[in-house]
Amino acid sequence: MRFSKTFLPTTKEAPKDAVLPSHIYLVRAGFVSQIGSGIYNFLPLGKIVLDRIRAIVKEELDKAGCQETQLGFVTPLSLWDESGRSAKFGSELLRFKDRKNNDFVLSPTNEEAMVDLVRNRLTSYKQLPQNLYQINTKFRDEARPRYGLLRGREFLMKDGYSFHESYEDLDREYDLMQKTYSKILDRLGLDFRVVEADSGAIGGSGSREFMVLADNGEDDIVVCGSCEYGANIEAAKRVKKEYQHKVLELKEIHTPESKTIDELAEFFSLPKTQFVKAVAKKAIYEDKDEVVIFFIRGSEELQETKACSFVGAIELIDADESELENPGFIGLDIAGVRKVVDIELKDEENLITGANKQDYHLQGYSLKGKEFEYADLVTVREGDKCVSCGGELSITKGIEVGHIFKLGDRYSKALDATFLDRNGKRVPYIMGTYGIGVSRLVAVVVEQSHDEKGIIWTKNSSPFEVVVIISDIKKDDQRDFGEKLYEDLKAKGVRVALDDRGERFGFKMSDFELIGIPKAVIVGKKLKDGEVQIVKRATLEKIDVKTDEVMQRVLEL
RNA sequence: CGGAGUGUAGCGCAGCCUGGUUAGCGCACCUGGUUUGGGACCAGGGGGUCGAAGGUUCGAAUCCUUUCACUCCGACCA
């Protein structure tokens, strides 16, 4: 590619609203441009990068035996009604009508469409397993798009769906997909962790996210310093914490004005860990709602996603005080309402909890042998201990670029998609679903690999391996040498670009640093002495090279 | 969805509060010249429905109303 003939609008100034490096540089370097809120155009260079990443995804998936398909971007709303998800997705699902007044949606994901494609076609266990995928545009009408390509409304995603006759076979495919996804991210040169994720709301037995470590990530992830354990904060586990508490006689204590844990800890002069915090939430289900009280240790924070998954609600909202009796004094013995108790409180003694009576708390409370719904409810903290090795956990930021999920029969059942098993019995497919955000990966690479001058593409994500920069296009010797080197490199199969624009040297160097191609050959002043320079983008180190060695040096670097 | 902002040339901004010639500035762009290893300099030039609609006024980028778009903080995000 010759830059002199390329649509490559680089700018000195960043878009005023861009905050993240990936957003700023991708726009400044002429890779993408915004056309609407959360909607981006890919310019020639951006399209090359997007296609390269797409190609790597496809290559690894095909190697793993997956088959590429392409589903319609527009799907009939009726399919979403059939699975029950049109309500669940809410206004994130962009709906519209055609001229005949039929309802359609822009696909935000394609479980329904893929199940519809195979049902009545994969009718025997002999035809299973199958893993079908597509790399296609998705649209989610996000309430608040932001961060450039990282959270757009329209984006390119690979979504795959596997169909199995048994859970054992699903497990095998799930592991294979984890390996395959890891290979893809490795090839892109990304620093990532595979973490346990919440899988409650949608059901199913397992869910893992692929998190690229980045300061600007939107997700908090818990990682172990001593082993491979990692989990989204929403699903992270820890070793139970033990405490030695002062023995307390069982009795009601008058505690006026003391409602919060802080106030109580001061009132009793006891550690917060000895108290039981009651967190009242209203759980919203598809067909009803109810108040649920979650009880956790006073020193802990409720992890809402865990709580929500456990009760199987669509979402939890704060309960209104008017819906509660004795707010501030709610205790474990409250009646007439659903209660869930944190598993770390099981069999604990000498606790202080509300007395379910205005201005009173109950001390010396024991949970020994008491029947409650117990569940893991608390948020893991920095410094907690790892469940798999006992090591110290720390919290870091990540960007989710992939998600694999054991779906089970949720969609196949809802859509009545079945096959005949070995016993001639009609059963629903056992399914897995696997996604990678392809356009998001473009931004993620930049997020993880840039400096104050611009992008530093990794080897396999870069639009080109090398750019030949002709310092002064008006000098015949420089132009001739640069052109020949460019043609020779192309002939060797190197992905090479030629910066033959009539700009000054400094301009072209700044663009090189901004655009981020891993290396450049500068054909300039030193050509008279039989030398050119090779520059590495990552270090900006310049190496003088004899003109007759440059081919070889470029190839080996 | 709650809160807060911003819309003036391709991009970044000033002007608006306190209405009044022909709406400015920097970058970018075009022409000519001089430069040529770190985003050059000189001279000349082109480009605007001031987001849109309505209103007040002799007169509106400026005041009022409505509306659209975009952004930020939060909530949300299989």
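This structure is a prediction, so every number in the text was calculated from the model and none was measured.

A. Seen up close, the pairing of strand β24 (residues 430-437). Most of β24 sits inside the fold, with eight of its eight residues counted as buried. Side chains of β24 alternate between two faces, with I430, G432, Y434 and I436 and M431, T433, G435 and G437 buried alike. Relative to β24, strand β8 (residues 154-164) runs antiparallel, the two sharing eight bridges. What sits directly across from M157, in β24, is G437.

B. Geometry of the domain arrangement of chain A. What the domain assignment reports for chain A is domain 1 (3-70 + 108-237 + 394-447), domain 2 (251-375) and domain 3 (466-556). Computed from C-alpha coordinates alone, the two centres of domain 1 and domain 2 are separated by 38 Å. If you look at the interface, domain 1 gives seven residues, while domain 2 gives four residues. Contact between domain 1 and domain 2 buries roughly 440 Å² in total, counting both sides, with carbon and sulfur atoms accounting for 46%. Inspection of the domain 1/domain 2 interface yields zero salt bridges. If you look at where domain 1 meets domain 2, you find two residue pairs in polar contact (both at pLDDT 80 or more).

C. Quick peek at the environment of K12. With respect to the helices and strands, K12 occurs in the segment before α1 (21-28). As a C-alpha pair, K12 and D511 span 499 residues in sequence and 9.5 Å in three-dimensional space.

D. Layout of the sheet that holds strand β29 (residues 519-523). The mixed open sheet is built from five strands, whose spatial order is β28-β27-β29-β30-β31. Unpaired on one side and paired on the other, β28 (496-499) and β31 (542-546) mark the two borders of the sheet. Each strand axis lies, on average, 25° off the axis of its neighbour in the sheet, ignoring direction. As defined by bridge partners, β29 adjoins strand β30 (residues 531-536) across four bridges and the pair is classed as antiparallel. If you follow I522 over to β30, its bridge partner there is Q533. Of the strands in this sheet, β27 (466-470), β28, β29, β30 and β31 are in contact with helix α12 (residues 505-515), which crosses β27 at around 170°.

E. Layout of the protein's contact with RNA strand B. As a structural note, the neighbourhood of RNA strand B is formed by 35 residues, with R144, R151, F507, E513 and Q533 the closest of them. Residue Q533 places a side-chain N or O atom 2.5 Å away from a base nitrogen belonging to RNA strand B. At the level of secondary structure, the elements contributing two or more residues to the surface near RNA strand B comprise β1 (32-36) and α12. A per-element tally of the surface near RNA strand B places α12 first, with seven residues. Residues belonging to the surface near RNA strand B are distributed by class as follows: 10 nonpolar, eight polar and 17 charged.

F. Structural detail: helix α7 (residues 261-268). Those residues of α7 that sit buried are I261, L264, A265 and F268. Down the axis of α7, the smallest arc covering the buried residues is 100°, so these residues share one side. Residues of α7 that are buried make contact with β13 (251-254), β14 (276-284), β18 (351-357) and β19 (360-365). Of the residues trailing α7, S269 is marked for its positive phi of about 55°.

G. Seen up close, the packing of aromatic side chains. All told, the structure shown has nine aromatic pairs when counted by the stated rule. Considering the side-chain rings of W80 and F89, the 5.8 Å spacing of their centres and the 90° angle between planes classify their relative orientation as edge-to-face. Per residue, the accessibility class of W80 equals that of F89, and both read buried. Measuring from centroid to centroid gives 5.4 Å for F267 and F268, while their planes differ by 70°, and the two rings are edge-to-face. On the basis of relative accessible area, F267 is assigned to the partly exposed category, the value being 41%. With relative accessibility at 16%, the residue F268 sits in the buried group. The structure contains a cluster of three or more aromatic residues connected by ring pairs, namely F163, F419 and Y429. In this structure, K357 packs its charged tip against the face of Y360, placed 4.7 Å from the ring centre. Looking at R410, its charged tip hangs above the ring of Y411, at a distance of 4.9 Å from the centre.

Definitions and limits used
Residues numbered from 1 in each chain as written. Chains lettered and ligands numbered in written order. Predicted model: local features only at pLDDT ≥ 70, side-chain atom pairs only at ≥ 80, totals over all residues. Heavy atoms only, no water. Buried < 20%, exposed > 50% of the residue type's maximum accessible area, 1.4 Å probe, protein only. Helix = DSSP H or I, 4+ residues; strand = E, 2+ residues; numbered from the N terminus. Pairing = 2+ DSSP bridges. Domains from an automatic or database assignment. Contact = heavy atoms within 4.5 Å. Buried area = accessible area lost by both parts, 1.4 Å probe. Salt bridge = Lys/Arg side-chain N within 4 Å of Asp/Glu carboxyl O. Polar contact = N/O pair within 3.5 Å; in protein donor to acceptor, adjacent residues only side chain to side chain. Axes fitted to C-alpha atoms, helices over the stretch in contact; angles between N-to-C directions. Near = heavy atom within 4 Å. Nonpolar A, V, L, I, M, F, W, Y, C, P; charged D, E, K, R; others polar. Arc of directions from axis to C-beta. Phe/Tyr/Trp six-rings, centres within 6.5 Å; stacked < 30°, edge-to-face > 60°. Lys NZ or Arg CZ within 6 Å of the ring centre and 35° of its normal.

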